[in-house]
Amino acid sequence: MGNLFHGYDPSRFFDEMFASPSEVRAHYQRLFERYNDLTLGEFDRKRLVADNSFLTQGITFTVYNDTEGTERIFPFDLVPRIIPLKEWLHIESGLTQRISALNLFLRDIYHDQRILKDGVIPAEIIHSAIHFRPEFMGVNVPKDIYIHICGTDLVRDHDGNYLVLEDNGRCPSGVSYLLENRQTMKRVFPNLFSRYSVQPVDRYCEELLNLLRFIAPGGNPEPTVVLLTPGIYNSAYFEHSFLARSMGIEIVVGADMVVQGGYLMMKTTKGLKRVDVVYRRIDDDFLDPQVFRKDSLLGVPGLVEVYRRGNVSLANSIGTGVADDKVTYHFVPKMIRYYLDQDPILSNVPTYLSMFDDDRKYILEHLPELVVKSANESGGYGMLIGPHATSEEIAKFRDLIAKNPRNYIGQPVVQLSRSPSYISGRFEGRHIDLRPYILFGEKTTIIPGGLTRVALRKDSLVVNSSQGGGSKDTWVLSE
Amino acid sequence: MLSRVADTIYWLSRYIERAENNARMLDVNLQLTLDATILNHRYTQQHWESIIYSLEDTKLFQELYPGITGEAVVEFVCFERKNPNSIYSCLCAARENARSVRELISSEMFEQLNRMYLDFRSGEAQRLFRSSSYQFFKWALQGCHLFQGIADATMAHDEGWDFLQMGKFLERADRTSRILDIKYHILLPKEEEIGGTIDTVQWFAVLNSCSGAEPYRRLFQGQIAPWKVAEFLIKDASFPRSIRFCVASLDHSLHQITGIDRGDFLYKVEAERLSGKLLADLSYVTMDDVFRIGLHQYLDGIQLRLGEISKAIYKEFCEWLDT
């Protein structure tokens, strides 16, 4: 009999597993019984098996700014996050609604801009968004889909409500960890799965390939699909390689391809071969040195023109970043009402835009209580968490906001829900979020659950792997 | 198949074969020099020198180490990261290549390579060497063999496989020629005769470096005769490390990739013409010819021609990567 839960304190936060120190939520009961049986030694052995499995499979990310090219494993916590079916159905319908609206928004923005003309979103916000691509005005994209693959970050507040924190509509990453986490959990706790009815996640790659084939130019039923990676030194290379392998498609770098006769071709041992669909995992800026950054060696000169002519399809499309700008984010509920004439199923976190005078005044007066984010940074960078910040940091952001009000938003600190996580010898509560992966093609497919990220540092609200975050397996129950 | 991928897998294979042959060569020679009843200090010195010469890395070695000692040579050939041909460097390079072609090789192949890499990276391999060099070399050889076995059993035998085979056999042919060439660099002690005890021990070590002692004995019933050993390692048709066998296998894979019949003789593909010509030379050359040319000169010529074949392969399948 172990006592890894001994003294566990849900504290004042919404705890995923414990309704109170003595009350385990019903959907965690069987898990509690199993884990409460484990001794520390047994649990440590399981952790070792899990870590070794990640390491030998090379499931690592590259640490930047390290001359040795160090690869680390993404810390994996063995306490899964469990989502009851009813909660999941709510999330699923909310995300489906949201991705539909985002795609309608992008189609509109790159064509008639009705939503701006009708005054629902101030035009200046779009025109000043750094990821807005005016070069793409009037270009028709296959099936009118802009964001094919979306990773939307959800958090739960102190009442357990699911809120949308941000949408990642460019090259969201992390799905390979989700899939590998499940494999690892099955190896380490095989019997636990027989006690629960957990929805499988392994159809993701099949659905992704279906989606990529669906958007092929001219409805080609046998398209050549490739995954474009910046290369093996990119921090997400493992994922790129994993996805290409799982779909059975080629993984290419820019130098493998060339534009010839208006088509995108790849260089093979038997000559040039036409490429129909590119699942690109590099940003717009690096895609084509003739159109975007001139110094980019990662892309293919002329690719954008081939795309414009409809001779190759890209997922995601170019210019989707205008939709995941954190200022645009504020307007997503309005988009849902405008395009779909529906009430949003999932709410946003309340957001103040420092470009508006009243909001800016509020933000500047309440900096020590707010989270301030830059509109286009990710990975937990460019962010101020007021209650945890020093007075120098607050002064720095005051300055940044004054210099570039368009670029900052303020939000009240959401006390993210917590989940028991293994911390040196016992379980302690740590804050978590959830990134479901949404595929928007012939139909909308959301892999049950998503990647649960956990801030392993005590009291930290930042779950990014670059800032000491780890991940957990996420179970959606099928009953 | 992407040209870059073909090139990557070809080199992945060469690096592993190179690591394996380095381990073979050092293992045998390290044991040889331990045989103090036969070998004196001056002699062991020459022995280590001959290894560095045969690897053609003398210049780099001299930059990194003050003098040729057993320890320095072992460090240089096994663990030195500044030596791109050390076992550790070869494994790093092979793993890096494997990482970029994981969609083509099997997961099991990557994991095997990754395990070996992680053991070097964590210092486990170095610890094993310090506690027993014998165990270390055995571990390294087995690791490489395991990789080849896993590849054979789990990877599709398609175009990628043929590039893997070409890399392996081209590298192996080159390494066998270098191991054989070590004997040229080793001078016999003055008082010793050709065919004497030390000479025989040396030839036996050469055979052993190629795992050739057992098949050789079956073929020649025990007699270790220098010219026989050379003939066996150059010309034997069925021993998988003889130069002829390697070039025949390389030639086979090349034709598999191009789809051109081996009896075509039109040689539209330069690499095929070169490998076919070398294979014919190896098949029809006599040992009298070899000794007339001089063993060292002959082996040198083979290494040069292998280099030309490698260049021609790149030109045929991958040249436009540079454009």
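These numbers come from a predicted model, not from an experiment.

Cut-off values and rules
- Residues numbered from 1 in each chain as written.
- Chains lettered and ligands numbered in written order.
- Predicted model: local features only at pLDDT ≥ 70, side-chain atom pairs only at ≥ 80, totals over all residues.
- Heavy atoms only, no water.
- Helix = DSSP H or I, 4+ residues; strand = E, 2+ residues; numbered from the N terminus.
- Rg over C-alpha atoms; globule rule 2.2 N^0.38 Å.
- Buried < 20%, exposed > 50% of the residue type's maximum accessible area, 1.4 Å probe, protein only.
- Contact = heavy atoms within 4.5 Å.
- Areas by Shrake-Rupley, 256 points an atom, 1.4 Å probe, with all protein chains shown as cover.
- Lys, Arg positive; Asp, Glu negative; His and termini not counted.
- Charge placed at Lys NZ, Arg CZ, Asp CG, Glu CD.
- Pairing = 2+ DSSP bridges.
- Buried area = accessible area lost by both parts, 1.4 Å probe.
- Salt bridge = Lys/Arg side-chain N within 4 Å of Asp/Glu carboxyl O.
- Polar contact = N/O pair within 3.5 Å; in protein donor to acceptor, adjacent residues only side chain to side chain.
- Domains from an automatic or database assignment.
- Axes fitted to C-alpha atoms, helices over the stretch in contact; angles between N-to-C directions.
- Parallel < 35°, antiparallel > 145°, perpendicular 65-115°, else oblique.
- Nonpolar A, V, L, I, M, F, W, Y, C, P; charged D, E, K, R; others polar.
- Arc of directions from axis to C-beta.
- Phe/Tyr/Trp six-rings, centres within 6.5 Å; stacked < 30°, edge-to-face > 60°.
- Lys NZ or Arg CZ within 6 Å of the ring centre and 35° of its normal.
- Core = buried A, V, L, I, M, F, W, Y, C linked by side-chain atoms within 4.5 Å.

### What about the overall build of chain B?
A tally of helices and strands in chain B yields 16 helices and zero strands. Computed over C-alpha atoms, the radius of gyration of chain B comes to 20 Å, within 12% of the 20 Å expected from 2.2 N^0.38 for 323 residues, which places it in the range of a compact globule. Projecting the C-alpha coordinates of chain B onto the three principal axes gives extents of approximately 55 × 50 × 35 Å. Taking all 323 residues of chain B together, 59% fall into the buried category.

### Digging into the overall build of chain A
In terms of helices and strands, chain A carries 16 helices and 25 strands. A compact globule built from 479 residues should have a C-alpha radius of gyration of about 23 Å, and chain A, at 23 Å, falls within 12% of that. Taken along its principal axes, the extent of the C-alpha atoms in chain A is 70 × 60 × 50 Å. When the 479 residues of chain A are sorted by exposure, 60% land in the buried category. Expressed as a percentage of contacts within chain A between residues at least 6 apart in sequence, the contacts between residues at least 24 apart total 69%. By element, 49% of the accessible surface of chain A is carried by carbon and sulfur atoms, the whole surface being about 19,000 Å². The average position of the 54 basic charges and that of the 60 acidic charges among the side chains of chain A differ by 2 Å.

### Focus: the pairing of strand S19 (residues 408-412) of chain A
Across a regular strand the side chains alternate sides, sitting on one face of the sheet and then on the other. Residue and element names in this part refer to chain A. S19 sits mainly inside the fold: four of its five residues count as buried. Pairing of strand S16 (residues 352-353) with S19, which is carried by two bridges, proceeds in the antiparallel orientation. Across the sheet, the residue bridging to Tyr-352 is Gly-410, located in S19. As paired strands, strand S17 (residues 370-374) and S19 are joined by five bridges and run antiparallel to one another. Residue Ser-374 lies in a different strand from S19, and its bridge partner there is Tyr-408.

### A few points about the interface of chain A and chain B
Across the boundary between the two partners, chain A contributes 27 residues, which contact 26 residues of chain B. Across the chain A/chain B interface, buried area totals approximately 2,400 Å², and carbon plus sulfur atoms make up 48% of it. Taken together, the links from chain A to chain B amount to one salt bridge. Arg-4 of chain B serves as the salt-bridge partner of Asp-256 of chain A, at 2.5 Å between the closest nitrogen and oxygen. Our enumeration of links across chain A and chain B arrives at 13 residue pairs in polar contact (both at pLDDT 80 or more). Looking at the side of chain A that touches chain B, the elements with two or more residues in it are helix H2 (40-56), helix H9 (237-247), strand S9 (250-252), strand S11 (263-268) and strand S12 (271-274) of chain A.

### A short note on the domain arrangement of chain A
With domains assigned, chain A is organised as domain 1 (203-315) and domain 2 (351-412). Each of domain 1 of chain A and domain 2 of chain A has a C-alpha centre, and these two points are 37 Å apart.

### Details of the packing of helix H10 (residues 197-209) of chain B against helix H12 (residues 226-235) of chain B
Axes are the key here: two packed helices are described by the angle between their axes and the distance separating the axes. All names here are of chain B. For the pair H10 and H12, interaxial distance at closest approach is 10 Å and the crossing angle is 10°. Classed by the angle they form, the pair H10 and H12 counts as roughly parallel. Across the interface between the two elements, Asp-199, Trp-203, Val-206 and Leu-207 from H10 touch Pro-226, Val-229, Ala-230, Phe-232 and Leu-233 from H12. A breakdown of the residues in the contact of H10 with H12 according to their chemical character gives eight nonpolar, no polar and one charged.

### Here we look at helix H14 (residues 332-340) of chain A
Residues and elements named next belong to chain A. All of the buried residues along H14 are Val-332, Pro-333, Met-335, Ile-336 and Tyr-339. One face of H14 carries all of its buried residues, which in axial projection span an arc of 155°. Looking at the buried positions of H14, the neighbouring elements they touch are helix H3 (85-109), helix H4 (114-117), strand S7 (162-168), helix H13 (326-329) and strand S15 (347-348). The positive-phi residue at the C-terminal boundary of H14 is Asp-341, with phi of around 55°.

### A closer look at the side chain of His-296 of chain B
Within the fold, His-296 of chain B resides in helix H16 (residues 295-318). Reaching out from His-296 of chain B, the side chain makes a polar contact with the side chain of Asp-181 of chain B at a distance of 2.9 Å.

### Description of unusual backbone geometry
Looking along the chain, the bond that leaves Ala-315 of chain A and enters Asn-316 of chain A is cis, with omega of -10°. In this model, Lys-143 of chain A sits at a positive phi of 55°, which is unusual for a non-glycine residue. By relative accessible area, which is 48% here, Lys-143 of chain A ends up partly exposed. Of note, the phi angle at Glu-56 of chain B is positive, near 60°, even though the residue is not glycine. Here Glu-56 of chain B falls in the exposed class, since its relative accessible area comes to 51%.

### Some remarks on the packing of aromatic side chains
All names here are of chain A. Summed over the entire model, instances satisfying the criterion amount to 44 aromatic pairs over all chains. Clustering of aromatic rings is evident, with ring pairs tying together Phe-5, Tyr-8, Phe-18, Phe-32, Tyr-35, Phe-43, Phe-189, Tyr-422 and Phe-427. Arg-25 extends its terminal NZ or CZ atom over the ring of Phe-14, reaching a point 4.4 Å from the ring centre. Cation over ring: Lys-46 sits above Phe-189, and NZ or CZ is 4.7 Å from the ring centre.

### Observations concerning the nonpolar core
In this structure, Leu-31, Tyr-35, Phe-105 and Tyr-204 of chain A together with Leu-12 and Ile-234 of chain B are the most contacted members of the largest nonpolar core, which totals 243 residues. In this structure, Ile-363, Leu-367, Val-372 and Leu-384 of chain A belong to the second largest nonpolar core, which totals nine residues.

### Details of the pairing of S12 of chain A
Residue and element names in this part refer to chain A. In this structure, S11 lies alongside S12, joined through four bridges in antiparallel fashion. What sits directly across from Met-266, in S12, is Lys-273. Once S11 ends, the chain turns through two residues before running back antiparallel as S12.

### Concerning the packing of helix H6 (residues 175-188) of chain A against H9 of chain A
Residue and element names in this part refer to chain A. As a packed pair, H6 and H9 sit with axes 9 Å apart at the nearest point and diverge in direction by 70°. Relative to H9, the element H6 lies roughly perpendicular. Contacts between H6 and H9 involve Val-175, Ser-176, Tyr-177, Leu-179 and Glu-180 on the former and, on the latter, Phe-238, Glu-239, Phe-242 and Leu-243. Grouping the constituent residues of the contact of H6 with H9 by class yields six nonpolar, one polar and two charged.

### Describing the sheet that holds strand S8 (residues 225-228) of chain A
Residue and element names in this part refer to chain A. The strand order across the open sheet formed by four strands is S9-S8-S13-S14, and the pairing between neighbours is parallel. Strand pairing shows two members of the sheet lacking a second neighbour, S9 and strand S14 (313-315), which therefore form its edges. Geometrically, the sheet is characterised by an average inter-axis angle of 30° between neighbouring strands, direction not taken into account. Here four bridges tie S8 to strand S13 (residues 277-280), and the two strands are oriented parallel to one another. Within S13, the residue paired with Val-226 across the bridge is Val-278. Against the sheet, helix H8 (residues 204-214) contacts S8, S13 and S14, and its axis sits at roughly 130° relative to S13. Where H9 meets the sheet, its contacts fall on S8, S9 and S13, and the angle it forms with S9 comes to roughly 150°.

### Things to note about the environment of Ala-455 of chain A
Topologically, Ala-455 of chain A is positioned in strand S24 (residues 451-455). The spatial distance from the C-alpha of Ala-455 of chain A to the C-alpha of Gly-429 of chain A is 9.9 Å, given a sequence separation of 26 residues.

### A short note on the sheet that holds strand S18 (residues 383-385) of chain A
Backbone-to-backbone hydrogen bonds join strands into a sheet, with any given pair of strands oriented parallel or antiparallel. Residues and elements named next belong to chain A. As summarised here, the arrangement of the four strands in space is S16-S19-S17-S18, forming an open sheet in which the pairing is antiparallel. At either margin of the open sheet sits one strand with a lone partner, and together these are S16 and S18. On the sheet, helix H16 (residues 391-403) packs against S17, S18 and S19 and is oriented at approximately 135° with respect to S18.

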